[in-house]
Amino acid sequence: MERIGIYCSIFQPPRMDRLAKASEAAKRLGLNRLILLPLPGRKDPGAPELCQQMEMLRMAAKTVDSCTVTTEAAGLAEAAVRIETECPGGKLFLLTEPWDEDKIEPLSAHWHRQVLPQDEEVPQEQLRRLAAFRCARPLLPAAIADYIEENRLYGFSDEYRHLSMDRLEQVVVSLLKPNRVAHVLGCRDTAVKLAKRWGANEVDASRAGILHDITKALDGPLQLTLCRGYGILLDAFFTQNPKTLHALTGSLVADRVFGENPAVVEAIRHHTTGKADMNLLEKIIYVADYMEPNRDFSGVEKLRQLAFEDIDEALKLGLTMTMDMLRRENRQISNESLEALAWLQRSK
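Read on for a plain summary of the structure.

Cut-offs and rules
Residues numbered from 1 in each chain as written. Predicted model: local features only at pLDDT ≥ 70, side-chain atom pairs only at ≥ 80, totals over all residues. Heavy atoms only, no water. Phe/Tyr/Trp six-rings, centres within 6.5 Å; stacked < 30°, edge-to-face > 60°. Helix = DSSP H or I, 4+ residues; strand = E, 2+ residues; numbered from the N terminus. Buried < 20%, exposed > 50% of the residue type's maximum accessible area, 1.4 Å probe, protein only. Lys NZ or Arg CZ within 6 Å of the ring centre and 35° of its normal. Disulfide = S-S within 2.5 Å. 1 Å grid on protein atoms, 1.4 Å probe; cavity = no way out; pocket = protein on both sides within 12 Å on 5 of 7 lines; lining within 4 Å. Points joined across faces, edges and corners; volume = space filled by probe spheres on them. Nonpolar A, V, L, I, M, F, W, Y, C, P; charged D, E, K, R; others polar. Pairing = 2+ DSSP bridges. Right-handed = clockwise from strand over helix to strand, strands pointing away. Core = buried A, V, L, I, M, F, W, Y, C linked by side-chain atoms within 4.5 Å. Expected span 1.5 Å × (residues − 1). Contact = heavy atoms within 4.5 Å. Polar contact = N/O pair within 3.5 Å; in protein donor to acceptor, adjacent residues only side chain to side chain. Axes fitted to C-alpha atoms, helices over the stretch in contact; angles between N-to-C directions. Parallel < 35°, antiparallel > 145°, perpendicular 65-115°, else oblique. Left-handed = near helix turned anticlockwise from the far one by under 90°.

Before going further, it helps to examine the packing of aromatic side chains. Enumeration over the complete set of coordinates arrives at five aromatic pairs. Pairing Tyr-160 with Phe-258 gives two aromatic rings, centres 5.5 Å apart and planes at 5°, and the pair type is stacked. Note that Tyr-160 is positioned in the loop between helix H5 (142-151) and helix H6 (165-175) and Phe-258 in the loop between helix H11 (246-256) and helix H12 (262-269), a separation of 98 residues in sequence. Residue Tyr-160 shares its accessibility class with Phe-258, and that shared class is buried. Joined through ring pairs, the aromatic side chains of Tyr-286, Tyr-290 and Phe-297 make up one cluster. Directly above the aromatic system of Trp-198 lies the positively charged group of Arg-197, at a separation of 3.9 Å from the ring centroid.

Spelled out as structure tokens, the structure:
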């Protein structure tokens, strides 16, 4: 009796962890043949056309070695009926992932549904962000990673360098979580106002403001993945507090992906902790991030007033409030923040 399985999932892109699950299931079920069939995913910018998606699936099929693996572009119902007709009396299995269950249409009683284990894995949207930041290779078969880069899929592009402000905003918004967009736009606009008030470069302020949280959507482990992908060695503070890494990783992406100038890159790098000897643009981005119009906490109105009266005092207040909060929560304070506050106190 032939034993056939259809593995139905959103392969955007095909990834090693899901392919390993499919291979393990094929062995456990004793499949003679496994068919990879894609579910439609979101049509994000840079998402592949169906022909490209099928080409990546053909590459993925070569990594599953427990049985004969083929690919199928038809709809699930159509493919299932055809297999039932071609293999009467066969043992038929439908393999799915838990998060795809609501997208799977009912099939005939010939099909035995097998839900693959829901281990922790990088969500598809995060994998696409890593591709845009050029750090997805550890999670993909090498041939598929090469194909993504060669065909500029999932946001992997050389065209991100030196974008106009309008285009930069479009790209950044596509890479943020929706609940982060208002804050980022507010920080950008506030940074421009502060640059006008204090005589800083308004273009640099605008670009640093829009890019300052570019990697914020990545969780702590993925921040570490990005650092490893860029060959960055981290000190003990960052490895123990990976949620603070988005300033460092954001500056790396601003430099290596977006081609921003050193002033913008450094302002992003220090926008969460500050540092000693901050220049005017670095002060502006730190303060703008803290007091933009969507922020709402005790003391923010005083900070907003100070920002246009004395930028150093505003910076000092922001650092002090942050460190007070961290002490209340028994959390570690960055040495850079301590050095920044000490430097401001000496300079006054």
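Anyway, onward from the coordinates.
What follows covers the state of the cysteines. In this structure the tally under the stated criterion is zero disulfides. Left unpaired, Cys-51 is separated from the closest cysteine sulfur, that of Cys-8, by 19 Å. The cysteine Cys-227 is free of any disulfide, with Cys-135 supplying the nearest cysteine sulfur at 8.5 Å.

Considered as a void within the structure, the largest pocket measures approximately 1,100 Å³ in volume. Forming the boundary of the largest pocket are 36 residues, of which Lys-216, Thr-272, Thr-322, Met-325 and Arg-331 lie nearest the centre. Breaking the lining of the largest pocket down by element, the ones donating at least two residues are helix H9 (220-229), helix H10 (236-240), helix H13 (280-291) and helix H15 (311-328). The element that contributes the greatest number of residues to the lining of the largest pocket is H15, accounting for six residues. Each residue belonging to the lining of the largest pocket can be placed in one class, and the counts come to eleven nonpolar, 15 polar and ten charged.

Attention now moves to the pairing of strand S2 (residues 33-38). Most of S2 sits inside the fold, with six of its six residues counted as buried. In this sheet, S2 lies alongside strand S1 (residues 3-9) in parallel orientation, the contact comprising six bridges. Within S2, the residue paired with Ile-6 across the bridge is Ile-35. In this view, the connection linking S1 to its parallel neighbour S2 by way of helix H1 (residues 16-29) has right-handed handedness. Alignment of S2 against strand S3 (residues 68-71), held across four bridges, turns out to be parallel. Note that in S3 the partner of Arg-33 across the bridge is Thr-68.

The next subject is the nonpolar core. Core analysis: the biggest nonpolar cluster contains 101 residues, and Leu-34, Leu-36, Phe-133, Leu-211, Phe-258 and Val-287 have the highest contact counts within it. If you look at the next biggest cluster of nonpolar residues, it comprises 16 residues, including Cys-8, Ile-35, Cys-87 and Leu-92.

Here H15 is 18 residues long and its end C-alpha atoms lie 26 Å apart, about the 26 Å a rise of 1.5 Å per residue gives. Those residues of H15 lying buried are Ile-311, Asp-312, Ala-314, Leu-315, Lys-316, Leu-317, Gly-318, Leu-319, Met-321, Thr-322, Met-323 and Leu-326. Among the structural elements, helix H7 (181-198), H13, helix H14 (300-307) and helix H16 (335-347) are those in contact with the buried residues of H15. Capping the start of H15 is the job of one residue whose side-chain oxygen sits 3.1 Å from the backbone nitrogen of Asp-312: Asp-310. Immediately beyond the C-terminal end of H15, within one or two residues, lies Asn-330, with a positive phi of roughly 55°.

Contact geometry of H9 with H11 gives a least axis separation of 10 Å together with a crossing angle of 40°. By the angle between their directions, the pair H9 and H11 is classed as oblique. Crossing hand, H9 versus H11: left-handed. Counting all contacts with H9, which are made through Gln-223, Leu-226 and Cys-227, the residues of H11 involved are His-246, Leu-248, Thr-249, Leu-252 and Val-253. In terms of residue class, the contact of H9 with H11 is made up of five nonpolar, three polar and no charged.

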